[in-house]
Amino acid sequence: MPVTSLLFLAAALVVAITPGPGVFYIIARTLAGGLSEGLASSVGLGLGGLVHVLGGAIGLSALVMASAQAFIILKIAGAFYLVWLGIKTWREADVIEPAGVKKTGIHRAFREGVLVEAFNLKTAAFFLAFIPQFVDPAAHVAAQFIALGLVSVALNTSVDLIVAYWAAKARVGLAKRPSFITNTRQASGAVMCGLGATLLFAHRAT
């Protein structure tokens, strides 16, 4: 497997396991409505993420066709964004966002999951900053973006499903282990900063 592919998998996995708003949403949904609602929300978030993958693939492909220089600028901006996101994740590592989620039923939990993610502009921004770092503009850009996006969404959804199952079993596991969440987010923030910096200097070198 190429080094670039391994780097992408490692980075995507770090992003997936970082406890963020999506993870806390799944936990809150599970605690409110049980495992079934947590699983439904997880699948919904995954489908919502696919909206950004398809949209990003179309937009990035059009950008490359219009201007190779614009694509390079996007990659550099994306690298800066990853560094900024890593710093933000580190600084907010001990912040758990409140989520007043009530029991709604499996079907509504699924629909809300799709809508929450589909209309999350932060997800769109992240995909446009993250995935282009691993796309070869000389090849089929849209196909690469979709393939990498599917891998990222699959990892995120897998982690969400595990979190839902764990939350249903542990119930108050988060409250009992706040330091674990803080340390995980700090480590993930540091990795994202390192990834962004590495990609940024690699672009400058070329």
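The model shown is predicted, which means the values in this text are computed figures rather than measured ones. (Residues numbered from 1 in each chain as written. Predicted model: local features only at pLDDT ≥ 70, side-chain atom pairs only at ≥ 80, totals over all residues. Heavy atoms only, no water.)

J.: I keep staring at the overall build of the chain and nothing clicks. Help me out?
T.: When its secondary structure is counted, the chain shows 9 helices and 0 strands. Counting from the amino terminus, helix and strand elements in the chain follow one another as α-α-α-α-α-α-α-α-α. The 206 residues of the chain split such that 42% are buried. For the chain, restricting intrachain contacts to residue pairs at least 6 apart in sequence, the fraction spanning at least 24 positions comes to 85%. Approximately 10800 Å² of the chain is accessible, and the part contributed by carbon and sulfur atoms is 70%. (Helix = DSSP H or I, 4+ residues; strand = E, 2+ residues; numbered from the N terminus. Buried < 20%, exposed > 50% of the residue type's maximum accessible area, 1.4 Å probe, protein only. Contact = heavy atoms within 4.5 Å. Areas by Shrake-Rupley, 256 points an atom, 1.4 Å probe, with all protein chains shown as cover.)

J.: What's the story with the environment of Glu37 in this structure? I'm lost.
T.: Assignment of secondary structure puts Glu37 in helix H3 (residues 35-66). Residues Glu37 and Gly113, spaced 76 residues apart in sequence, show a C-alpha to C-alpha distance of 10.0 Å.

J.: Could you clarify how one ought to interpret the nonpolar core in this entry?
T.: Soluble, globular proteins show a tendency: their nonpolar side chains are buried together. The biggest cluster of nonpolar side chains holds 20 residues, and the ones touching the most others in it are Phe130, Ile131, Val135 and Phe145. The element best represented in this core is helix H7 (residues 141-170), accounting for 5 residues. Membership of the second largest hydrophobic core comes to 11 residues, among which are Tyr25, Val163, Ala164 and Ala167. (Core = buried A, V, L, I, M, F, W, Y, C linked by side-chain atoms within 4.5 Å.)

J.: Even after reading the chapter, I still don't get the pattern of salt bridges, so can you show me in this structure?
T.: Side chains that differ in charge, positive against negative, can pair when their charged atoms come close. A full pass over the atoms with the stated rule returns 3 salt bridges. For Arg29, the salt bridge identified is with Glu37, shortest N-O distance 3.6 Å. Comparing Arg29 with Glu37, the two get one shared label, buried. Note that Glu112 and Arg108 form a salt bridge whose closest N and O atoms lie 2.9 Å from each other. Highlighted residues: Glu112 and Arg108, both in helix H5 (residues 106-118), separated by 4 residues, approximately one helical turn. In this structure Glu112 comes out as partly exposed when scored by relative accessible area, which is 23%. Here Arg108 falls in the partly exposed class, since its relative accessible area comes to 44%. Three or more residues joined by partner-sharing salt bridges are found here, namely Arg29, Glu37, Arg108 and Glu112. (Salt bridge = Lys/Arg side-chain N within 4 Å of Asp/Glu carboxyl O.)

J.: Could you clarify how one ought to interpret a nonpolar patch on the surface in this entry?
T.: Together, Leu35, Leu39, Val43, Leu47, Leu161 and Tyr165 give the surface a local cluster of nonpolar side chains, amounting to about 460 Å² of exposed area. Looking at the nonpolar patch, the elements with two or more residues in it are H3 and H7. Counting residues per element, the nonpolar patch draws most heavily on H3, at 4 residues. Structurally, Leu47 can be placed in helix H3. Residue class for Leu47 comes out partly exposed when judged on its relative accessible area of 39%. (Patch = residues over 30% accessible without salt bridge, like charges linked within 9 Å, V, L, I, M, F, W, Y side chains within 5 Å.)

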